[in-house]
Amino acid sequence: MKKVMMILAMVLIYNCSFAGTPPKVVSDAFAKKFPKATKVSWGKEGPKEWEAEFTLDGEKISANFGQDGTWLETEQEIKAAKLPKTILASVKMNYSDWKIAEADKTETAKHGTIYEVDLKKGLKSKSLAFKPDGTAVKE
């Protein structure tokens, strides 16, 4: 049992020690995609995915990259008023008694631009995703 605990402790220490330092291929891909980024901090999103949180043009943004440097997505929190009118209309029509608590604009290599909307109604919450034209992606 002591041996297992020692191995787990070493793995934890290793992961914590290096969680903020992505492989060079990842940091190079980030620098190429976001050359004007400032205040960059790195973390692991999973065993093969890195996330950079940074500031760009005064906005806080996060971007995810695969272990091989492949860009996966960029996410930015936006004000509800900056959502496309089609999305605001869809939310108003289908969730008129819910309040928009948070909105994000996510650009992905796989799905293009997606807007995520977190709704609140009392103690209930709901997350929705839309294409820019207002088409729901998931509920």
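What you are looking at is a predicted structure, and each value in this text was computed from that prediction instead of being measured.

Digging into the packing of aromatic side chains
- Applying the stated criterion across every chain yields a total of seven aromatic pairs.
- Seen from their ring centres, F30 and F34 are 5.4 Å apart, and the 40° between their planes marks the pair as tilted.
- An angle of 55° between the planes, with centres 6.4 Å apart, marks the rings of W42 and F65 as tilted. Of this pair, W42 sits in strand β1 (residues 38-46) while F65 sits in strand β3 (residues 59-66), and the two are 23 residues apart along the sequence. F65 shares its class with W42; the two are buried.

Some points on helix α3 (residues 85-94)
- Among all positions of α3, only I87, S90 and V91 are buried. Seen along its axis, α3 keeps its buried residues to an arc of 95°; they face one direction. Residues of α3 that are exposed and point more than 90 degrees away from the buried face comprise K85, K92 and M93.
- Buried residues along α3 sit against β5 (99-108), β6 (112-121) and β7 (124-130).

A short note on the nonpolar core
- Core analysis: the biggest nonpolar cluster contains 14 residues, and F30, F34, W42, F54 and F65 have the highest contact counts within it.
- When contributions to this core are tallied by element, the ones reaching two or more residues are α2 (24-33), β2 (49-56) and β3.
- The element best represented in this core is β2, accounting for four residues.
- Residue contacts for F54: discarding those within four places in its chain leaves F30, F34, A37, T38, K39, V40, E59, K60, I61, S62 and A63.
- Counting 12 residues, the second-largest nonpolar core is a separate cluster that includes Y95, Y115, L128 and F130.

Digging into the sheet that holds β1
- Sheet architecture is open: eight strands sit in the order β1-β2-β3-β4-β5-β6-β7-β8, paired in antiparallel fashion. Strands with a single pairing partner mark the edges of an open sheet, and in this sheet they are β1 and β8 (136-138). Each strand of the sheet is rotated relative to its neighbour by a mean of 25°, with strand direction disregarded.
- Strand direction decides the pairing type here: β6 and β7, joined by seven bridges, are antiparallel. Directly across from L119, in β7, lies its bridge partner K126.

Quick notes on unusual backbone geometry
- The phi dihedral of K39 falls on the positive side, at around 50°, and the residue is not glycine.
- With respect to the element layout, K39 can be found in strand β1.
- At D57, a residue that is not glycine, the phi angle is positive and equals roughly 55°.
- Within the element layout of this structure, D57 appears in the loop between β2 and β3.

The rules behind the values
Residues numbered from 1 in each chain as written. Predicted model: local features only at pLDDT ≥ 70, side-chain atom pairs only at ≥ 80, totals over all residues. Heavy atoms only, no water. Phe/Tyr/Trp six-rings, centres within 6.5 Å; stacked < 30°, edge-to-face > 60°. Helix = DSSP H or I, 4+ residues; strand = E, 2+ residues; numbered from the N terminus. Buried < 20%, exposed > 50% of the residue type's maximum accessible area, 1.4 Å probe, protein only. Arc of directions from axis to C-beta. Contact = heavy atoms within 4.5 Å. Core = buried A, V, L, I, M, F, W, Y, C linked by side-chain atoms within 4.5 Å. Pairing = 2+ DSSP bridges. Axes fitted to C-alpha atoms, helices over the stretch in contact; angles between N-to-C directions.

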